[in-house]
Amino acid sequence: MAAPAGSTSPRGVGEAARSDVPGPPQPVCWSSLLVSLVPTGVGGGTSSPGSIRGREATPPPPPKGRPYPLAVPRYRLVGSLGIGQEAPLHFSWILPSFLSAGGTIRGFNGLSKVLLCGIIVMHPEDPLTFLEEKLREIMEKGLDGVLWYMCIDLSLHPKLKRISETYLNTVLGLDGEQLMTEELCAKAWDFYSRNLIKLYFGRWIKYNLLRKNKRKKAKQKMALAVVHYNIQILSVIIQKWSTWVQIHKEKMTLAAKRLQQIFNKIYLNAVMKAWHAEAHSSLKTKAYFESSAKESQKGCFESNDLTVRYKTSHLPEKALLQIFRYVNLVDLARCAQVSQTWMLLTQNNSLWSDINFSSVKHKVQDQIVVNTLQKWRPCVLRLNLRGCYSLHWPSFKSISECKNLQELNLSECQGLNDESMRLISEGCRALLYLNLSYTDITNGTLRLLSSSFPNLQYLSLAHCRKFTDKGLLYLGSGKGCHKLIYLDLSGCIQISVDGFRNIANGCSRIQELLINKMPTLTDRCIQALVEKCQQIMSVVFLDSPHLSDTTFKALAECKLVKVSIEGNNQITDLSFKLMNKCCPYIRHIHMADCQKITDAGLKMISPLKHILVLNVADCIRLSDGGVRPFVQGSSGAKLRELNLTNCIHVTDASVTEIAQRCHQLTYLNLRHCENVTDAGIEALGNMSSLISIDISGTSISDMGLRALGCHGKIKELSISECKKISDTGIQEFCKGTKYLEYCHVSYCPQLTDEAVKAMAFHCHTLTSVNIAGCPKMTDTCIQYLAAACHYLHFLDVSGCVHLTDKALKYLWKGCKQLQILKMLYCRNITKEAVLKYTAKLEKQEHNDADLPSWLGYDWDGNILTFTKKHTSEPE
């Protein structure tokens, strides 16, 4: 707080006063005092003797914003200071200068300071007289009551209260006392309080923010701890559950094995009993035939109860007849030589209503056909002579004698011409189905068709190049083929728009249309045909690159149920949009190798409810964005076949969706879908409906293959070019699959004989095996196949460099039904062995050429460092 008015400061004058109190009053040195302050210009402007005039000093500036309060003359400090300096003196700043000055002035006593303050502020005209007066007043009042402002007129006293013990001089760098008003003190206190409050409030906010952040972090850590705890609990539960499931599975497996053993034992006992009974019956039959005469045998054969009394099998006659319908003519002839009972059964009329010479086309001659047809001509309803190139006029003449013939297949019969067809047309008036593909017929045959076969419904002229548009005009002339509902014109590139128009005029009831491998087919051809043939339900346009969406616009009037287009770069999603709009009952969609089909197209047909077959192979723009919406659509649960070959953007997400939605799917092709891995294949392992699957060129490993064989119903498996598959995967798959018939594991260089051993021992019904491009295979694997797989029809061992002549010997002994054998790039198999052991095969391929680079290994089976991935298997 400021000191009261009239009190002395502990510094300055008051300090000097306290220093004088203890001693007696000192006499004033008048001479030094009178000469110490002399105003400049007073007394003629000369200094007193002994003084040294100094240079004039420039006064300090007044306080900011305030002028000098008093206009004072310049004074010069002389005398004992030893300094001469002229400066305008001001009351508000001269005193602190004196109080803090050093030297002679600092040594003045309190009286000197009082006089100095008075003369400086009052600036009298006669300083000496002023000093004498003031000294008298001081002496009268005594030195004890001397105040520093007592020599100053009251009118010039400052209106400020003195503040002592202030620290402003330290803060602001001022010397001496500092005078302030109450207002300034209030402002100073207010400023100080506000800053203190601001400081404390800021610190409080920081403290609260810190606590809040700590609470937030603690809450986050607690949440993480809860999640971690829940995960740990869940992991423990799952681990215990998996352990229980594993134990349960082991128990179930053990129980199943025991039950299987019991069943096998009972079954074996039953088989042995049946075998003993059959052997006993055979002995009796043999003894009977040895003791009986030929006359009695003939009488017994004519009786109706012969098959009951002396039958050679416990199977009923209907079952044997049903079995005989599936064998070819050569095997049927062999069956007739087994016993008298079988000979009689082979003479049943129902076996000769459907005669198929195509299965033995390499052995069929005119005499065989003539004898067979002459004997059974009243019974023959269906006759297949496809590929029988050795037939001539006698055979065709005998065909005309089959008056009840309804179906005739003469495809690839090289001896067929217009004259042969004339002979056939004379007798086969009831013909409904006629296949003349790959023959040399001309317009003359087409004229016969319209006049001789009025009931004809199915006609195939595929790859018949010698008839013209005029010949097609005959189909509608006269009686015509107005009942025709099926027409195959594949490969007939000579047909123009006029030819299709002629077909439309004469055969307006066509429902199924096949036009494959016809690069001349255009939108105008289809438009001309559809103008009058609006009952078309099925169209197949494979390898017709010039068709576009215009074709589907024309077919929009027809209620299509089947569409097949392949190898076309002009068909777009618009065709799918038209299908969705105009074909609500479509069931079969085949749009393979149509490069402009995208995910949007599949989304457009997803609302269709009756799709059973979808083939979008080689549509490389398709991805999960189209496949998943389609599978989730209306036809997903009904889908039977799905082909996504080379749809490289399809991933496990689509495969998992297929496994979850398509419960009736039997055929799935994911060939070269490189992004499909074990995760997707494992999901397919739960599909009990799946029978055929192709996952060649995918990223599947042994784990996925093991999961795929869980349900054990797969009959066809193709895993070619799967580099991660090993013998272990094949073994695990085959253990769970006993019905496998078709297995292709080509170009899997890591497979060995153990894989084939597993296939042979577990899958006895194999009919087709492909192990091409597997360099580690040896004769041992062929020995396994020959010993166990007696139904094998097709075998490809191309590129198996370690196979020798022994392999062919094993096949010759064990695989009696083998028909096709491929042995390309097998240098260790000699031509002599090929001629010796494969003479009876329907088809065999063999060479000892150098290994192509795309196989990726050398003649020793060593994998090459730099290989070129092949794009297709050898034909």
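Rules behind the numbers
- Residues numbered from 1 in each chain as written.
- Predicted model: local features only at pLDDT ≥ 70, side-chain atom pairs only at ≥ 80, totals over all residues.
- Heavy atoms only, no water.
- Helix = DSSP H or I, 4+ residues; strand = E, 2+ residues; numbered from the N terminus.
- Buried < 20%, exposed > 50% of the residue type's maximum accessible area, 1.4 Å probe, protein only.
- Areas by Shrake-Rupley, 256 points an atom, 1.4 Å probe, with all protein chains shown as cover.
- Patch = residues over 30% accessible without salt bridge, like charges linked within 9 Å, V, L, I, M, F, W, Y side chains within 5 Å.
- Salt bridge = Lys/Arg side-chain N within 4 Å of Asp/Glu carboxyl O.
- Lys, Arg positive; Asp, Glu negative; His and termini not counted.
- Charge placed at Lys NZ, Arg CZ, Asp CG, Glu CD.
- Core = buried A, V, L, I, M, F, W, Y, C linked by side-chain atoms within 4.5 Å.
- Phe/Tyr/Trp six-rings, centres within 6.5 Å; stacked < 30°, edge-to-face > 60°.
- Lys NZ or Arg CZ within 6 Å of the ring centre and 35° of its normal.
- Pairing = 2+ DSSP bridges.
- Contact = heavy atoms within 4.5 Å.
- Right-handed = clockwise from strand over helix to strand, strands pointing away.

Each helix and strand counted, the protein chain has 32 helices and 25 strands in total. Within the protein chain, the proportion of its 875 residues that are buried is 43%. Per element, the accessible surface of the protein chain, about 47400 Å² overall, is 56% carbon and sulfur.

Before going further, it helps to examine a negative patch on the surface. Residues Glu 125, Asp 126, Glu 132 and Glu 133 make up a contiguous surface patch of negative charge. Relative to the helices and strands, Glu 125 resides in the loop between helix 5 (110–122) and helix 6 (127–141). Here Glu 125 falls in the exposed class, since its relative accessible area comes to 76%.

A positive phi is found at His 123, a non-glycine position, where the angle reads about 35°. The residue His 123 is located in the loop between helix 5 and helix 6 in this model. A relative accessible area of 27% places His 123 in the partly exposed class. Even without being a glycine, His 672 presents a positive backbone phi close to 60°. Judged by its relative accessible area of 18%, His 672 falls in the buried class.

This part takes up the pattern of salt bridges. One pass over the full model with this rule turns up 15 salt bridges. The closest approach of N and O atoms between Lys 134 and Glu 137, which form a salt bridge, is 3.9 Å. In this pair, Lys 134 and Glu 137 both sit in helix 6, three residues apart, roughly one turn of the helix. With relative accessibility at 33%, the residue Glu 137 sits in the partly exposed group. For the salt bridge of Arg 661 with Glu 657, the shortest nitrogen-to-oxygen distance reads 2.9 Å. Remark: Glu 657 and Arg 661 occur in helix 25 (residues 652–661); sequence separation between them is four residues, near one turn of the helix. Taking relative accessible area as the criterion, Glu 657 reaches 7% and is therefore assigned buried. Among the charged side chains, a network of salt bridges with common partners joins Glu 419, Arg 422 and Glu 426.

What follows covers the nonpolar core. The biggest cluster of nonpolar side chains holds 173 residues, and the ones touching the most others in it are Ile 399, Leu 410 and Ile 771. By size, the runner-up hydrophobic cluster in this structure holds 13 residues, among which are Val 114, Leu 115, Ile 119 and Ile 120.

Attention now goes to the packing of aromatic side chains. In the structure shown here, the tally under the stated rule is 10 aromatic pairs. Here Tyr 458 and Tyr 486 contribute two aromatic rings whose centre-to-centre distance is 5.6 Å and whose plane-to-plane angle is 40°, an arrangement assigned as tilted. On the criterion of sequence distance, the pair formed by Tyr 458 in strand 10 (residues 458–460) and Tyr 486 in strand 11 (residues 486–488) is long-range, its members being 28 residues apart. Tyr 458 gets classed as partly exposed once you look at its relative accessible area, which sits at 28%. Residue classification places Tyr 486 among the buried positions, given a relative accessible area of 17%. Where Phe 761 meets Tyr 784, the ring centres are 5.6 Å apart and the plane angle is 75°; that geometry is what we call edge-to-face. Taken together, the residues Phe 761 in helix 29 (residues 753–762) and Tyr 784 in helix 30 (residues 779–788) connect sequence positions 23 residues apart. Ring-pair connections join several aromatic residues into one group, and the members of that group are Tyr 433, Tyr 458 and Tyr 486. When the ring centre of Trp 812 is taken as reference, the NZ or CZ atom of Lys 816 above it lies at 5.5 Å.

This brings us to the pairing of strand 14 (residues 562–566). Looking at chain direction, strand 13 (residues 538–542) and strand 14 are connected through five bridges and run parallel. Paired with Leu 542 across the strands is Glu 566, a residue of strand 14. As paired strands, strand 14 and strand 15 (residues 588–592) are joined by five bridges and run parallel to one another. The residue bridging Ile 565 from the neighbouring strand is Met 591, located in strand 15.

So, about a nonpolar patch on the surface. Where nonpolar side chains cluster on the molecular surface, the patch consists of Ile 197, Phe 201, Trp 204, Ile 205 and Leu 209 and spans about 520 Å² of accessible area. For Phe 201, the position within the fold is in helix 8 (residues 182–291). On the basis of relative accessibility, which here comes to 48%, the residue Phe 201 falls in the partly exposed class.

Most of helix 17 (residues 443–452) sits inside the fold, with seven of its 10 residues counted as buried. Within helix 17 the residues assigned to the buried category are Asn 443, Thr 445, Leu 446, Leu 448, Leu 449, Ser 450 and Ser 452. Taken together, the buried residues of helix 17 touch helix 16 (418–427), strand 9 (433–435), strand 10 and helix 18 (469–474).

Before going further, it helps to examine the environment of Pro 852. Topologically, Pro 852 is positioned in the segment after strand 25 (843–846). Relative accessible area serves as the criterion here: at 16%, Pro 852 is assigned to the buried category. Distance from Pro 852 to Gly 799, taken between C-alpha atoms, is 9.3 Å for residues 53 residues apart in sequence.

Our next topic: the pairing of strand 24 (residues 820–823). Of the pairings in the sheet, the one linking strand 23 (residues 794–796) to strand 24 comprises three bridges and is parallel in character. Following the sheet pairing, Phe 794 is matched in strand 24 by Ile 820. For the crossover that starts at strand 23, traverses helix 31 (residues 805–814) and ends in the parallel strand 24, the hand is right-handed. Where strand 24 and strand 25 come together, four bridges link them in parallel fashion. Counterpart to Met 823 in the pairing with strand 25 is His 846.

What follows is about a positive patch on the surface. Taken together, the side chains of Arg 211, Lys 212, Arg 215 and Lys 216 present a region of like positive charge at the surface. You can see Arg 211 is positioned in helix 8. According to the relative accessible area criterion, Arg 211 is partly exposed, its value standing at 41%.

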